[in-house]
Amino acid sequence: AAWLGVPHTLACCNGTAALLAAMWACGVGAGDEIICPSVTYWASAAPALSLGAAVNFADIEPHSLCIDPRDIEQRIGRRTKAIVVVHYAGYPADMDPIMAVARRHGVKVIEDVSHAQGSLYKGRRVGTIGDIGAMSLMSGKSLAIGEAGMMVTNNRELYERCVAYGHYERTGAPSNYNPPDQQITDSSLRQFSGIPLGGFKHRMHQLSSAMGRVQLRHYPARIAEIQRAMNRFWDLLEGVPGIKAHRPAKESGSTMGGWYFARGLYRAEELGGLPCAKFAEALRAEGVAFATPGANYPLHTHNVFHYADLFGTGKPTMISWTERDVRQGPGTLPVAEHSAQTIVGVPWFKHDRPAVIEEYAAAYRKVALQAAKLA
């Protein structure tokens, strides 16, 4: 809480649990809808199904790979409760227009910060701009503490609801383990003390908590080194055709945090139409093992969001209680659906070692400049 500069944070067992609690705290329930970008990890969207809600997927921006603010307003309906904003691969989503749309329609904004712990949007820490933020802190993340998650918010009511949903010993009942949160003011939550309203136990594992306190002390310095290293890599490739940096403009005041899940923007039209898969194959031949095309697959095309019947109602959960069918098939979100042709993996440098970084940059430069031969 002190590091982010917010009054309320809540340790969770993983990022998925934090996102589920955030959705419930925002009032998402049976028959409701959330809006979420299609290109993201499934935990940004799937918890809504377990609450009986539907997911109206939005397209992404080709330069940021984050939710396209221009594709949000048309998706808001009478039962829309929340917009999930994913700061994808560390890139801060464009929060100002997103918040403006949300405020016009009285919709909550949930920031998924799982890729972007420590990223800045115009000088502000992501996760603290919307109504509530949630993040994963699992072993692969830039802030890695084992297996854990975190909920963050400036809103006392949302915090209390997250406590009541999965932290049953903190809602006012006597406990041998945790002091009850006597500040819980919502009587509708206090009357259920002793049993979590979601039927979940969201506590963080104690060892992860202890590890996290140590990791957090080092994390600002690690962010700084990752930033130097990744910016060095992209500066070396400035002007090389076909491969563009996935990072905000330097003068924007926005940063990439720990730069988790580093990606590059691939532009086949600058390389004679060379497919991204062929470009990535050549990079792997040069020794860049993690050069793969694409990123997360578009969720709006996945069968879970079309056909899965989670509650045995005899019809897909996505339409079991909703007023309208928001399911989308192929051809509906063109940027998301073409992401395998426009995104390519790049090294994630955690240390600023110029000689190594130059070696990898040289491989990308070599493949790009030899694209005609590859074609």
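Our structure's up above, just so we're on the same page.
Let me sum up the structure you'll find in this document. (Residues numbered from 1 in each chain as written. Predicted model: local features only at pLDDT ≥ 70, side-chain atom pairs only at ≥ 80, totals over all residues. Heavy atoms only, no water.)

**Quick word on the packing of helix 6 (residues 206-236) against helix 11 (residues 354-369)**
Heads up, the rule is: Axis lines are fitted to C-alpha atoms, over the contacting stretch for helices. Their N-to-C directions set the angle, which ranges from 0 to 180 degrees. Numbered from the N terminus, helices here are DSSP runs of H or I no shorter than four residues, and strands are runs of E no shorter than two. Crossings are classed by handedness, with left-handed meaning an anticlockwise turn of the near helix from the far one by less than a right angle and right-handed meaning a clockwise turn. Contacts: residue pairs with any heavy atoms within 4.5 Å of one another. Each residue is assigned to one class: nonpolar for Ala, Val, Leu, Ile, Met, Phe, Trp, Tyr, Cys and Pro, charged for Asp, Glu, Lys and Arg, and polar for all the others, Gly among them.
At their nearest, the axes of helix 6 and helix 11 sit 9 Å apart, and the two run at 40 degrees to each other. Crossing angle aside, the handedness with which helix 6 passes helix 11 is right-handed. Each of A229, R232, F233 and L236 in helix 6 lies in contact with helix 11, whose residues at this interface are P354, I357, E358, Y360, A361, Y364 and R365. By residue class, the composition of the contact of helix 6 with helix 11 is eight nonpolar, no polar and three charged.

**A closer look at helix 4 (residues 156-166)**
Inclusion rule: The buried label goes to any residue with under 20% of its type's maximum accessible area, the exposed label to any with over 50%, and the partly exposed label to all in between, with areas taken from a 1.4 Å probe on protein chains only. For this analysis, a polar contact is any N or O atom pair within 3.5 Å, provided that within protein one partner can donate a hydrogen and the other can accept it, and provided that sequence-adjacent residues contribute only side-chain to side-chain pairs.
Helix 4 sits mainly inside the fold: nine of its 11 residues count as buried. Two or three places before E157, at the start of helix 4, stands the capping residue N155, its side-chain oxygen 2.9 Å from that residue's backbone nitrogen.

**Topic: the state of the cysteines**
Note the following rule: Any two cysteine sulfur atoms lying within 2.5 Å of each other are counted as a disulfide.
Using the criterion set out here, one finds zero disulfides in the structure. The closest cysteine sulfur to the non-disulfide-bonded C13 is located on C12, 6.6 Å from its own sulfur. In this model C66 remains outside any disulfide bridge; the closest cysteine sulfur is found in C36, 12 Å from its own. The class for C66 is buried, based on a relative accessible area of 0%.

**Some remarks on the side chain of S320**
Mapping S320 onto the fold places it in the loop between helix 8 (304-307) and helix 9 (334-337). When its relative accessible area of 10% is taken as the criterion, S320 is described as buried. Within the local environment of S320, its side chain forms a polar contact with the side chain of T313, the two groups lying 3.0 Å apart. Excluding residues within four positions of it along the chain, S320 makes contact with T313 and K315.

**Thoughts on a nonpolar patch on the surface**
Using the following cut-off: To count toward a patch, a residue needs a relative accessible area above 30% and no salt bridge. Like charges then connect within 9 Å, nonpolar side chains (Val, Leu, Ile, Met, Phe, Trp, Tyr) within 5 Å. For the area figures, the Shrake-Rupley method with a 1.4 Å probe applies, and any residue is considered shielded solely by the protein chains shown. Any carboxyl oxygen of Asp or Glu that lies within 4 Å of a side-chain nitrogen of Lys or Arg is treated as forming a salt bridge with it.
Residues L310, F311 and W321 make up a contiguous nonpolar surface patch of roughly 300 Å² in combined accessible area. Topologically, F311 is positioned in the loop between helix 8 and helix 9.

**Digging into the side chain of H115**
You can see H115 is positioned in the loop between strand 5 (108-112) and strand 6 (120-121). Residue class for H115 comes out buried when judged on its relative accessible area of 8%. Ignoring sequence-local partners within four residues, the contact set of H115 consists of H87, Y88, A89, G90, K141, Y260 and F261.

**Let's talk about the sheet that holds strand 8 (residues 132-136)**
Counted only if it meets this: In this description, strands pair whenever DSSP reports at least two bridges between them.
Judged by pairing direction, the sheet is mixed, and its seven strands sit side by side in the order 1-9-8-5-4-2-3 without closing on themselves. Single-partner strands in this sheet number two, and they are strand 1 (8-12) and strand 3 (54-58). On average, each strand axis in the sheet is inclined to that of its neighbour by 20 degrees, with strand direction left out of account. Across three bridges, the pairing between strand 2 (residues 33-37) and strand 4 (residues 80-86) is parallel. By the bridge assignment for strand 4, E33 is matched with T80. Across the sheet, helix 3 (residues 95-105) touches strand 4 and strand 5, and the angle it forms with strand 5 is around 150 degrees. Sheet contacts for helix 4: strand 1, strand 5, strand 8 and strand 9 (149-153); angle to strand 1, the most-contacted strand, approximately 20 degrees.

**Focus: the packing of aromatic side chains**
Two descriptors summarise a pair of aromatic rings, namely the distance from one centre to the other and the angle between the planes of the rings. Put simply, the test is: Two aromatic rings, drawn from Phe, Tyr or Trp (for Trp, its six-membered ring), form a pair once their centres lie within 6.5 Å of each other, and the interplanar angle then sorts them: stacked below 30 degrees, edge-to-face above 60, tilted otherwise. Counting as a charge over the ring demands two things of the Lys NZ or Arg CZ atom: a distance within 6 Å of the ring centre and an angle within 35 degrees of the ring normal.
Applying the stated criterion across every chain, the model contains 15 aromatic pairs. Aromatic pair F233 and Y364: ring centres 5.6 Å apart, planes at 85 degrees, arrangement edge-to-face. Of this pair, F233 sits in helix 6 while Y364 sits in helix 11, and the two are 131 residues apart along the sequence. Residue Y364 is classed as buried on the basis of its relative accessible area, which comes to 0%. Three or more aromatic residues joined by ring pairs make a cluster, and in this case those are F233, W234, F290, F349, Y360 and Y364. R263 extends its terminal NZ or CZ atom over the ring of F261, reaching a point 4.0 Å from the ring centre. Its guanidinium or amino end placed over the ring of W348, K350 lies 4.2 Å from that ring's centre, counting from NZ or CZ.

**Structural notes on the sheet that holds strand 11 (residues 263-266)**
Through backbone hydrogen bonds, the strands of a sheet pair up, either in parallel or in antiparallel fashion. Strand order in this open sheet of three strands is 10-11-12, and the pairing throughout is antiparallel. Unpaired on one side and paired on the other, strand 10 (243-245) and strand 12 (343-345) mark the two borders of the sheet. Looking at each pair of strands side by side, their axes are set apart by 45 degrees on average, direction ignored. Bridge count for strand 11 against strand 12 is three bridges, and the pairing is antiparallel. Note that in strand 12 the partner of R263 across the bridge is G345.

**A closer look at helix 11**
Operational definition: Every helix has an expected span of 1.5 Å times one less than the residues it contains.
When the terminal C-alpha atoms of helix 11 are compared, their 22 Å separation across 16 residues agrees well with the 22 Å that a helix rising 1.5 Å per residue should span. Check the buried side of helix 11 and you find it contacts helix 6, strand 10, helix 7 (276-285), strand 12 and helix 12 (371-374).

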